[in-house]
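Residue strings, one per chain:
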Amino acid sequence: MITIILAIVLGLVMISMAIAALTAYRVRAAVLASGIVSLIASIIYLLLAAPDVAMTEAAIGSGLTTIIFFYVLNKIRRSDV
Amino acid sequence: MYKNMFIILLLAGFGLLLGSFLLTHHEYLSLPQLPAYYADNTAPEVGAANVVTAVVVTYRGFDTLGEVTILFVAASLIAMFLKHSKAPRHDRHPRPSSVILSTSQKLLFPLIVLFGAYVFANGHLTPGGGFQGGAIIATGFLLLLMANPQAEFKHGLLNAIESISGTSYVIIGILGAILGLGFLDNRFISLGQLGTLFSAGAIPVIYSLIGLKVGAELSNILHHLNEVQNEE
């Protein structure tokens, strides 16, 4: 029961973060919000008894991808002013 | 106007799809045929305690080879496009990272790399495996790069690890075809006792090689991206 409540709360936060990523005015905030979506997705995978997928999602989805977005953003800003 | 109509139609379509799925969804009381086969036969046939690893490395080993190849091609293309120019670079003077970040990096970096190695070496026993372990190692290197952006990795070492482990992976696959039952078969090394570290035949070897390869590739990509930040 408590798992279901936790999953519903996490799902709501995830959806609101996804909407925030779509509507955010600043790109940096949008990238961070999409990173949080991945982080919560990894917790939900764990609740769904898929720890293998959860590990990949936490390391790649929320760790590496977010930072690669920041690297690319920094590069674009510098050459495109 | 048309755009909004299109969005509403798209959402309605998604709602219809998911709704029909929810209405017809019912819980299986017993496993369907294919999962039941894997659940029953993994331990005697492959000797791996983790069924997911058994499926990924042996039953569907060829797919894993394809995934590793895709990752290799992606890393090579990134290395090609982000080639570090030999021209004297404008030295970037990034803000020195905060004390919290640099201190915790010194503490956490070895632990993260150790945890990644643990995950890929125990891939046949506990959740995780080569890809997960490699990605965890790469996040360790990411932390290192964030704490000191001027850090230099040894490209030659990373490339050597990557190519040696990739070649050994294919060689082990061919050995499985010669000594075992087929390409990437794990049973040419004795299966050992279920649940111990040295069990499941060639699975720990293959997954350790994949882990090293993925870790080196992702770290290389990150280092290339970090290097071109210095150029104008």
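For every chain, the first residue of the written sequence is number 1, and numbering continues from 1 along that sequence. Just so you know, chain letters begin at A and ligand numbers begin at 1, following the order they were written in. In view of the model being predicted, local features appear only for residues whose pLDDT reaches at least 70, and side-chain atom pairs are presented and counted only at 80 or more, with totals across whole chains, interfaces and linings using the full set of residues.

**Considering the overall build of chain B**
Then step 1. Broken down by element type, chain B carries 8 helices and 0 strands.
Then step 2. Note on conventions: DSSP H or I runs of at least 4 residues are helices, E runs of at least 2 residues are strands, and numbering of each starts at the N terminus. Across chain B, helices and strands are ordered from the amino to the carboxyl terminus as α-α-α-α-α-α-α-α.
Then step 3. The globule rule used here is 2.2 Å times the number of residues to the 0.38 power, and the radius of gyration it is set against is calculated over C-alpha atoms. The C-alpha atoms of chain B give 23 Å as radius of gyration, which overshoots the globular expectation for 232 residues (17 Å, by more than 25%).
Then step 4. For chain B, the proportion of its 232 residues judged to be buried stands at 33%.
Then step 5. Each residue gets a C-beta atom placed from its backbone, and two residues are in contact if those atoms lie within 7 Å. Restricting to contacts in chain B with at least 6 residues of sequence separation, those with at least 24 account for 71%. Exposed residues have 12 or fewer other C-beta atoms within 10 Å of their own C-beta, buried residues have 20 or more, and residues in between are partly exposed; the C-beta atoms are placed from the backbone.

**Focus: the overall build of chain A**
Then step 1. Scanning chain A from N- to C-terminus turns up 3 helices and 0 strands.
Then step 2. What you see in chain A, going N to C, is helices and strands ordered as α-α-α.
Then step 3. In terms of overall dimensions, chain A is more spread out than a globule: its C-alpha atoms have a radius of gyration of 15 Å, far above the 12 Å expected for 81 residues.
Then step 4. Its C-alpha atoms give chain A principal-axis dimensions of about 55 × 25 × 10 Å.
Then step 5. The buried share of chain A, taken over its 81 residues, is 22%.
Then step 6. If you take every contact in chain A between residues at least 6 apart in sequence, the share linking residues at least 24 apart comes to 40%.

**Some words on the confidence of the model for chain A**
Then step 1. The quantity known as pLDDT measures the predictor's confidence residue by residue, on a range of 0 to 100. Taken over all residues, the pLDDT of chain A has a mean of 87, while the share at 70 or more is 95%.
Then step 2. Looking at the elements of chain A, mean pLDDT is at its lowest for helix α3 (residues 51-79) of chain A, recorded as 85, and at its highest for helix α2 (residues 27-47) of chain A, recorded as 91.

**Focus: helix α3 (residues 51-59) of chain B**
Then step 1. Buried residues of α3(B): Thr53(B), Ala54(B), Val56(B), Val57(B) and Thr58(B), and no others.
Then step 2. Of the surrounding elements, those touching the buried residues of α3(B) are α2 (33-45), α4 (61-81) and α8 (203-228) of chain B.

**Examining the interface of chain A and chain B**
Then step 1. Across the boundary between the two partners, chain A contributes 14 residues, which contact 16 residues of chain B.
Then step 2. When residues are sorted by character, Ala, Val, Leu, Ile, Met, Phe, Trp, Tyr, Cys and Pro go into the nonpolar class, Asp, Glu, Lys and Arg into the charged class, and all the rest, Gly among them, into the polar class. When the residues that make up the side of chain A that touches chain B are grouped by side-chain class, the tally is 8 nonpolar, 3 polar and 3 charged.

**Observations regarding helix α1 (residues 2-24) of chain B**
Then step 1. The terminal C-alpha atoms of α1(B), which comprises 23 residues, lie 33 Å apart, in line with the 33 Å expected from a rise of 1.5 Å per residue.
Then step 2. Burial runs low along α1(B): only 0 of the 23 residues are buried. Each helix should span, by expectation, one fewer than its residue count multiplied by 1.5 Å.

**Topic: the packing of helix α5 (residues 99-121) of chain B against helix α6 (residues 130-147) of chain B**
All names here are of chain B.
Then step 1. Axis definition: a line fit to C-alpha positions, over the contact stretch in the case of helices; interaxial angles, taken between N-to-C directions, run 0 to 180 degrees. Contact geometry of α5 with α6 gives a least axis separation of 8 Å together with a crossing angle of 165 degrees. For the element pair α5 / α6, the angle class is roughly antiparallel. Where α5 crosses over α6, the two elements pack in a sense that is left-handed. Between α5 and α6, the contacting residues are Leu101, Ser102, Gln105, Leu108, Phe109, Ile112, Val113, Phe115, Gly116, Ala117, Val119 and Phe120 on the first element and Gly130, Gln132, Gly133, Gly134, Ile136, Ile137, Thr139, Gly140, Leu143, Leu144, Met146 and Ala147 on the second.
Then step 2. Counted by class, the contact of α5 with α6 contains 15 nonpolar, 9 polar and no charged residues. Should an angle fall under 35 degrees it is taken as roughly parallel, and over 145 as roughly antiparallel, whereas 65 to 115 is taken as roughly perpendicular and any remaining angle as oblique. It is the rotation of the near helix from the far one that decides the hand of a crossing: anticlockwise by less than a right angle makes it left-handed, clockwise makes it right-handed.

**Notes on the environment of Val56(B)**
Then step 1. Counting through the fold element by element, Val56(B) comes out in helix α3.
Then step 2. Expressed as a C-alpha distance, the spacing of Val56(B) and Tyr207(B), which sit 151 residues apart in the sequence, is 9.9 Å.

**Quick look at unusual backbone geometry**
Then step 1. In this model, Ala49(A) sits at a positive phi of 65 degrees, which is unusual for a non-glycine residue.
Then step 2. Counting through the fold element by element, Ala49(A) comes out in the loop between α2 and α3.

**Examining the packing of α5(B) against α8(B)**
Residue and element names in this part refer to chain B.
Then step 1. Put simply, α5 and α8 touch, their axes get as near as 8 Å, and they point 145 degrees apart. Where α5 approaches α8, its residues Gly116, Phe120 and Ala121 are matched on the opposing element by Pro204, Tyr207, Ser208, Gly211 and Gly215.
Then step 2. Residue composition of the contact of α5 with α8, grouped by class: 4 nonpolar, 4 polar and no charged.

**Overview of the nonpolar core**
Then step 1. Of all hydrophobic cores here, the largest spans 42 residues; its most connected members are Ala135(B), Ala138(B), Phe141(B), Ile203(B), Ile206(B) and Ile210(B).
Then step 2. With residues up to four places along the chain from it excluded, the contact list for Phe141(B) reads Ser219(B) and Leu222(B). Note on terminology: a nonpolar core is any set of buried Ala, Val, Leu, Ile, Met, Phe, Trp, Tyr and Cys residues joined through C-beta atoms within 7 Å.

**Looking at the environment of Leu22(A)**
Residues and elements named next belong to chain A.
Then step 1. Examined against the element boundaries, Leu22 turns out to sit in helix α1 (residues 2-23).
Then step 2. By the C-beta count within 10 Å, which is 10 here, Leu22 ends up exposed.
Then step 3. Spatially, the C-alpha atom of Leu22 lies 21 Å from that of Ile44, the residues being 22 residues apart in sequence.

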